[in-house]
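Coordinate inspection notes
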Amino acid sequence: MSKVALITGGQQGIGLGIARDLVSAGFKVALASRSAEDEPQVLAALEELGQAAIYVRHDLQDVDNVVSVLDKVEASLGPVTTFVSNAGVPAKLRGDMLALTPESFDFVLGVNLRGAFFLAQEVARRMLATSSDAYRSIVFVTSVSASMASIERTEYCISKAGAAMMAELFALRLAPHGIGVFELRPGIIETEMTAGVKDKYTARIEGGLVPAQRWGQPADIGSVVVPLAEGRFAFANGAVIPVDGGLSLARL
């Protein structure tokens, strides 16, 4: 049976880093995002990944579309054996949490929590409905912000804290069926999302904010996902793995 991974936000950044490593490990990958099929990033990702990859358009806010998305993936590649819930949105505007608007709150939680949950729910249902010779897993890519507070990004932190509990709940539900669920918490990763704050953070990273004293790279996340997806950490079901260069370590 083919190893098939569905990666949300797989056309760029952390998601593309994960896709590269999974393809190298013999997986077929379906990349999903709200971007149009002909956008340059999507075309570049598909060209790089080659025949092992397809693209399906999906806006996580559209929870009524999850069945259609998975039908398309299965028709092209077969049943999903690994789901990487990676896509997310930042706060629309960083600022005082006392000025946070309901619109911004609802948008961020609608994507990072509500949308992520209902897509993972449909993946889990299908995994339980079919047998597989391949190891099955769900990997939630959350953030160090699941436990490290940033008051200027309140809605983002709340969404990631909720996603951490979501991962724990799926792990409990699926463990009896041999399906692994894991949570990865990236730190400060060099991607399109962090490009606007690169100058601000580089000096702080080099100064010790990140003990590793460097930016994280998408490949740092991909290298962790592969052994999880291959079942080499099967008995560590429910594990929470920081991938942050030591950023979240408590220090005095």
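Residues numbered from 1 in each chain as written. Predicted model: local features only at pLDDT ≥ 70, side-chain atom pairs only at ≥ 80, totals over all residues. Heavy atoms only, no water.

The protein chain is annotated in an unreviewed UniProt entry as 3-ketoacyl-ACP reductase from Peteryoungia algae. Taken directly from UniProt, the Sequence similarities (unreviewed entry) text for the protein chain runs: "Belongs to the short-chain dehydrogenases/reductases (SDR) family." (UniProt positions renumbered as here; feature names shortened; annotations may be inferred.)

Description of the pairing of strand β2 (residues 28-33)
Counting buried positions along β2 gives 5 out of 6 residues, so the element sits mostly inside the fold. With 5 bridges connecting them, strand β1 (residues 4-8) and β2 associate as parallel partners. In the sheet register, Ile7 faces β2, and the bridge partner there is Leu31. For the crossover that starts at β1, traverses helix α1 (residues 13-24) and ends in the parallel β2, the hand is right-handed. One ladder, built from 5 bridges, connects β2 with strand β3 (residues 53-57); its direction is parallel. Residue pairing across strands places Val29 opposite Ala53, the latter belonging to β3. Between the parallel elements β2 and β3, the chain passes through helix α2 (residues 40-49) in a crossover that is right-handed. (Buried < 20%, exposed > 50% of the residue type's maximum accessible area, 1.4 Å probe, protein only. Helix = DSSP H or I, 4+ residues; strand = E, 2+ residues; numbered from the N terminus. Pairing = 2+ DSSP bridges. Right-handed = clockwise from strand over helix to strand, strands pointing away.)

What about the sheet that holds β2?
Picture the strands of a sheet paired through backbone hydrogen bonds; they go either parallel or antiparallel. With respect to topology, 7 strands assemble into an open sheet ordered β3-β2-β1-β4-β5-β6-β7, the strand pairing being parallel. Unpaired on one side and paired on the other, β3 and β7 (240-243) mark the two borders of the sheet. Adjacent strand axes in the sheet meet at a mean angle of 20° when their direction is disregarded. Contacts between helix α3 (residues 66-76) and the sheet are confined to β1, β2 and β3, with β3 contributing the most and set at about 160° to the helix. Along the sheet face, helix α4 (residues 102-129) touches β1, β4 (82-85), β5 (136-141) and β6 (179-186) and points at about 170° away from the line of β5. (Axes fitted to C-alpha atoms, helices over the stretch in contact; angles between N-to-C directions. Contact = heavy atoms within 4.5 Å.)

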